[in-house]
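Each chain, letter by letter, is given below.
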Amino acid sequence: MIYGLFLGGILSAVPLRADETANMEGWASVARLQSDEALRAFSGKSREDRYGRSVAILNQQPRSEANVNEAGRLFEELVAENGNDEIGIQAAYQLARIAHVQLEKPEPALAAKRYELLIEQHPGHPLAQAAAVKLAILRLYSLDSDSPPKKRLEAVEPLGAALRDPDAIRDYHLVLADAMGQMGLEPSQALRHLQKAHATSRLSGKLEADVLVRISEIANQTGDCNLAREFAKRFLKQFPHDERASTLRKKWEATP
Amino acid sequence: MGGNTMIGKLINRIGIVVLALIFGWAAWTVLSRDSTLARRNSEIVIRIGHWQLESGLRDAFDALAKRYSEMHPGVRIKQEAVPGRVYQTWMKTGLAGGQEPDLMVTGQARDEVLARHFTPLTHEIAEPNPYNKGTELEGVPWRDTFVDGLSNSLGLQTLQEYYSVPIAILTIRLYVNAALWEKLLGDRPLPENFDDLIAACSEIERKSRELGLDIAPIASSRFTAEMLFSPLFKSQTQKLALQINKLNNLTPPRSAVAAAFLPGLATLDDPAIHDGLQIVRDIAQFMKPGFLQLEREDAILAFAQQRAVMLPTGAWDFLSITSQCPFPVAIGRIPWPSSDHPRYGKNILGRPSEAGSGSAAAFCLSANSPHPEVALDFLRFMTSQPGNEIFAQTSKWLPAVEGARPSETTKDFMLDMEGATDGFAIAPIIYGNGEMARIYAQNIHRLVEPDGGVEPFLDSLRPAFAQAVHDDLQRQITDQIVAVRRLEGPIAAQRMIPDDDAKKLSALLQAQNAQEALSAWLESQNKSANP
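No experiment lies behind these values; they were computed from the predicted model shown. (Residues numbered from 1 in each chain as written. Chains lettered and ligands numbered in written order. Predicted model: local features only at pLDDT ≥ 70, side-chain atom pairs only at ≥ 80, totals over all residues. Heavy atoms only, no water.)

(A) Region of interest: the overall build of chain A. In terms of helices and strands, chain A carries 13 helices and zero strands. Ordered by position from the N terminus, the helices and strands of chain A form the series α-α-α-α-α-α-α-α-α-α-α-α-α. For chain A, the C-alpha radius of gyration of 23 Å lies well beyond 18 Å, the compact-globule estimate for 256 residues. Counting the 256 residues in chain A, one finds 50% classified as buried. By sequence separation, contacts in chain A at least 24 residues apart represent 50% of the contacts at least 6 residues apart. Positive and negative side-chain charges in chain A, numbering 33 and 35 respectively, have mean positions lying 4 Å apart. (Helix = DSSP H or I, 4+ residues; strand = E, 2+ residues; numbered from the N terminus. Rg over C-alpha atoms; globule rule 2.2 N^0.38 Å. Buried < 20%, exposed > 50% of the residue type's maximum accessible area, 1.4 Å probe, protein only. Contact = heavy atoms within 4.5 Å. Lys, Arg positive; Asp, Glu negative; His and termini not counted. Charge placed at Lys NZ, Arg CZ, Asp CG, Glu CD.)

Now the structure itself:
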């Protein structure tokens, strides 16, 4: 009997491992933009399989509104079954994304509602935090776009207070810094947000180079030469091959 | 009877010996053939595909292949050089059939193509290149050994992965027939600034007429004209580019110039735009009538046949040109207006830095390669300091790797990392995309023809310009939304894959949010400019 239990345990573990392996293969295929392979891998009935299939359908090429709607229907099913487990939260986020960017005719008001619900129901979850950044973009540019820039910025500022996820904090401040620049507001306001984005230590690549340059340039314009020099030197150390390096070197390397 | 038996035995023994010899010979033949086949079957062949048919390139790859095979017996590098006009078709067919080379140049491959068919090198480029051992690059991450820091690697801005590695850098210079220059201009130095260039062109025309020769100052074609028009126009918008930059990031509008013409930013009436058009017209007066209909090869032929003194083109043409020119060729920079030029000086910041530009022949590693480790190793070798030097010295192209020495004959093409930030042009007159490029190229003759001018050109551009800006912006917005959507899957996947490297998800989110915010802002601006 013990032997039978032992054997049963081993045998029951095999399908689980196969399932997990298939799911990892499925997600790896999704990451490589290989939707057809992902659909083959997500063949099971688990919530994760169904979620994976829905994501693969959503991203299948050639893109079609029918696929987007089908994926939406599947995400809605997952949320209706259980909106509070990991899959349910992921599916809720995807539904907001469908309304925001996936439909040929986006529905910004619906997207905002879905983001707000996610933030309200699961405030600390990374996806709710990510949703706050997306909601900021909607409020700044798509919703109530006739209202003055300052009013739109005021509508967005409270979103930042609840953020704890470093990537969300970084991107929230970058979105605001860009909006302030493009809307022609005082550069010092954008500077504050750029510094907060930098303080997350999550910037990377060309965007990081951009932020360092922007902090240096704006600090210079607003008279904070020490800050300007500090960030120019950081930029020169990290991005010596950048086309802007020579300009900043000439400006600052002569100074102590 | 006894004698017959002895002869019989002897014959039998001889027969046995002959049979044994024949068998031995046959066995030896079969065994030796099998071992040759075995050797060839065990040989690893790495195929590399590219379209660089310019003089010297195939020789350069052959030299690299030879050196690598000497270091790695049992590995053979096979080069597949395919003409540019059929390369994309050849590439797509290869990818579809799983028959693509191990390493290949892909051009500007789309993200789906990169993600599906090629292996990202993000982890590998963070490690030192072992072939840099013994050089000053020993121990330096492979990525940081490149002159451009791999900032232009395919897939980097969107998928947050490095998919390609360049083997060369290319720049544009002014080729000068030194003998003809001396004949017509004496010991006058090569033009250092725009005024020098105009003066030299005028003098060449005058002297040519005086001597009864038909020699043009500049070898002209639409392509070579663009080599001069673009930098000269951009010289006039250097300061304007900074003024309209609301983000203070010192980056001029580049692939998305339409955004520069949003309300409140640049307009066709800006003095800098007028000056940019005028400087183009100034130099166009020294180009052969009808040059807009001529091809690059026509200009090269005119230069080689000594019917023109100067030829603006890139390092990629160096071997082709010098191999057919029976005269010494001097290389100079494209002349730039000086800051004290009475009209053009006020707009400039100075000659722009060439940092980060010009990477070429960027190879990707096929995800289907039967020998990915060996292919990657060869790629490392090609882009090590010693390997890249072999390439540069043989091809006369410029090395992409720090410290790799170019050929003595092409050192004047090396990147000049010092300089100001660049300006922007309205559009190119060749190889442009979008509506602004279409109407600009279509009407350029009104600017450059002898009886043309800035105002007639702008008059022809204005009616369609606002719509062209709107259409190009809409295209850019659409492209960015596609990029945003494309990242949704990888982001969802990264959240589900237990991964030691959380940086990947972080970088994907950063890229997506930046693109999404930019496209949302552009859309809001495009709508309000065109309600």
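Okay, back to it.
(B) Fine view of helix 9 (residues 271-284) of chain B. Residue and element names in this part refer to chain B. A rise of 1.5 Å per residue sets the reference length of helix 9, with its 14 residues, at 20 Å; its end C-alpha atoms lie 20 Å apart and thus fit the reference within 8%. For helix 9, a buried count of 12 out of 14 residues is recorded, marking the element as mostly surrounded by other parts of the structure. The inward-facing, buried residues of helix 9 abut helix 6 (194-210), strand 6 (216-218), helix 7 (222-236), helix 8 (238-243), helix 14 (434-448) and helix 15 (454-496). (Expected span 1.5 Å × (residues − 1).)

(C) Here's a closer look at the state of the cysteines. Applying the stated criterion across every chain yields a total of zero disulfides over all chains. Free of any disulfide, Cys325(B) has its nearest neighbouring cysteine sulfur in Cys201(B), separated by 18 Å. (Disulfide = S-S within 2.5 Å.)

(D) Main features of the environment of Thr251(B). Residue position: Thr251(B) is located in the loop between helix 8 and helix 9. Distance in space between the C-alpha atoms of Thr251(B) and Ala20(B) is 84 Å, their sequence separation being 231 residues. Within polar-contact distance, the side chain of Thr251(B) engages the side chain of Arg244(A) at 3.2 Å. (Polar contact = N/O pair within 3.5 Å; in protein donor to acceptor, adjacent residues only side chain to side chain.)

(E) Examining the interface of chain B and chain A more closely. Chain B puts 55 residues into the contact, and the matching count from chain A is 59 residues. A combined buried area of about 4,800 Å² lies between chain B and chain A, and 53% of that area is made up of carbon and sulfur atoms. Its largest share of buried area at the contact with chain A, chain B owes to Arg485(B), Met496(B) and Gln510(B), together 16% of the area lost on that side. On inspection of chain B and its partner chain A, the count reaches six salt bridges. On the surface where chain B and chain A come into contact, there are 22 residue pairs in polar contact (both at pLDDT 80 or more). Those elements that provide at least two residues to the side of chain B that touches chain A are helix 4 (111-117), helix 15 and helix 16 (503-529) of chain B. Among the elements that take part in the side of chain B that touches chain A, helix 16 of chain B stands out by supplying 13 residues, more than any other. Its residues placed into classes, the side of chain B that touches chain A shows 24 nonpolar, 17 polar and 14 charged. (Buried area = accessible area lost by both parts, 1.4 Å probe. Salt bridge = Lys/Arg side-chain N within 4 Å of Asp/Glu carboxyl O. Nonpolar A, V, L, I, M, F, W, Y, C, P; charged D, E, K, R; others polar.)

(F) Here's a closer look at the packing of aromatic side chains. Applying the stated criterion across every chain yields a total of 25 aromatic pairs over all chains. Relative to Phe363(B), the ring of Phe61(B) lies with its centre 5.7 Å away and its plane at 80 degrees, an arrangement referred to as edge-to-face. Linking Phe61(B) in helix 2 (residues 57-71) with Phe363(B) in strand 9 (residues 359-365), this pair joins segments that are 302 residues apart in sequence. Considered together, Phe61(B) and Phe363(B) belong to a single accessibility category, that of buried residues. Ring centres of Phe194(B) and Tyr344(B) lie 5.8 Å apart, and the angle between their planes is 85 degrees; this geometry places the pair in the edge-to-face category. Of this pair, Phe194(B) sits in helix 6 while Tyr344(B) sits in the loop between strand 8 (329-332) and strand 9, placing them 150 residues apart in sequence. Every member of this aromatic cluster is reached through a ring pair, and the members are Trp27(A), Phe42(A), Tyr51(A) and Phe75(A). Directly above the ring of Phe231(A) sits Arg234(A), whose terminal nitrogen or CZ lies 4.9 Å from the centroid. Positioned above the aromatic ring of Phe223(B) is the side chain of Arg296(B), whose terminal nitrogen or guanidinium carbon lies 5.4 Å from the ring centre. (Phe/Tyr/Trp six-rings, centres within 6.5 Å; stacked < 30°, edge-to-face > 60°. Lys NZ or Arg CZ within 6 Å of the ring centre and 35° of its normal.)

(G) Structural view of the sheet that holds strand 8 of chain B. Residue and element names in this part refer to chain B. The mixed open sheet is built from four strands, whose spatial order is 6-7-5-8. Looking along the sheet, the strands with just one partner apiece sit at the ends: strand 6 and strand 8. Averaged over all pairs of adjacent strands, the angle between their axes in this sheet comes to 25 degrees, without regard to strand direction. The strands touched by helix 10 (residues 296-304) within the sheet are strand 5 (172-177), strand 7 (308-314) and strand 8, with strand 7 carrying the most contacts at an inclination of about 140 degrees. (Pairing = 2+ DSSP bridges. Axes fitted to C-alpha atoms, helices over the stretch in contact; angles between N-to-C directions.)

(H) Representation of the layout of surface pockets. Residues and elements named next belong to chain B. What the second largest pocket holds in volume is close to 580 Å³. Put simply, the parts of the chain that give the lining of the second largest pocket at least two residues each are helix 6, strand 6, helix 10 and helix 14. The dominant element in the lining of the second largest pocket, judged by the number of residues it contributes, is helix 14, at four residues. In the lining of the second largest pocket, the residues fall into 19 nonpolar, seven polar and eight charged. (1 Å grid on protein atoms, 1.4 Å probe; cavity = no way out; pocket = protein on both sides within 12 Å on 5 of 7 lines; lining within 4 Å. Points joined across faces, edges and corners; volume = space filled by probe spheres on them.)

(I) Fine view of a nonpolar patch on the surface. There is a patch of nonpolar side chains on the surface, built from Leu10(B), Ile14(B), Val18(B) and Ile22(B) and spanning about 360 Å² of accessible area. By secondary structure assignment, the location of Val18(B) is in helix 1 (residues 2-42). (Patch = residues over 30% accessible without salt bridge, like charges linked within 9 Å, V, L, I, M, F, W, Y side chains within 5 Å. Areas by Shrake-Rupley, 256 points an atom, 1.4 Å probe, with all protein chains shown as cover.)

(J) Structural detail: helix 11 (residues 205-221) of chain A. Residues and elements named next belong to chain A. Over its 17 residues, helix 11 extends 25 Å from the first C-alpha to the last, a length consistent with the 24 Å expected when each residue adds 1.5 Å. Burial within helix 11 is extensive, with 12 of its 17 residues counted as buried. Where helix 11 is buried, its residues meet helix 9 (166-182), helix 10 (187-199), helix 12 (225-238) and helix 13 (245-252). Of the residues one or two after helix 11, Gly223 is the one with positive phi, at around 95 degrees.

(K) Layout of the packing of helix 9 of chain B against helix 15 of chain B. All names here are of chain B. Between helix 9 and helix 15, whose axes approach to 10 Å, the crossing angle comes to 120 degrees. Of the possible angle classes, the one that applies to helix 9 and helix 15 is oblique. Crossing angle aside, the handedness with which helix 9 passes helix 15 is right-handed. Here His274, Leu277, Gln278 and Arg281 of helix 9 lie close against helix 15, whose contacting residues are Val454, Glu455, Phe457, Leu458 and Arg462. A class-by-class count of the residues in the contact of helix 9 with helix 15 yields four nonpolar, two polar and three charged. (Parallel < 35°, antiparallel > 145°, perpendicular 65-115°, else oblique. Left-handed = near helix turned anticlockwise from the far one by under 90°.)

(L) Expanded view of the nonpolar core. Membership of the largest hydrophobic core comes to 127 residues, with the highest contact counts inside it found for Phe229(B), Phe261(B), Ile283(B), Met310(B), Phe424(B), Ile426(B) and Tyr440(B). A total of 12 residues in this core trace back to one element, the largest contributor, which is helix 7 (residues 126-141) of chain A. Grouped together as the second largest cluster of nonpolar side chains are 85 residues, Leu154(B), Phe327(B), Leu376(B) and Ile491(B) included. (Core = buried A, V, L, I, M, F, W, Y, C linked by side-chain atoms within 4.5 Å.)

(M) Main features of the pattern of salt bridges. Residue and element names in this part refer to chain A. Following the criterion strictly, the structure yields 47 salt bridges over all chains and no others. Between Asp210 and Arg244 there is a salt bridge, with its nearest N and O atoms 2.6 Å apart. You can see Asp210 sitting in helix 11 and its partner Arg244 sitting in the loop between helix 12 and helix 13, a full 34 residues away along the chain. Note on Arg244: relative accessible area 3%, which makes it buried.

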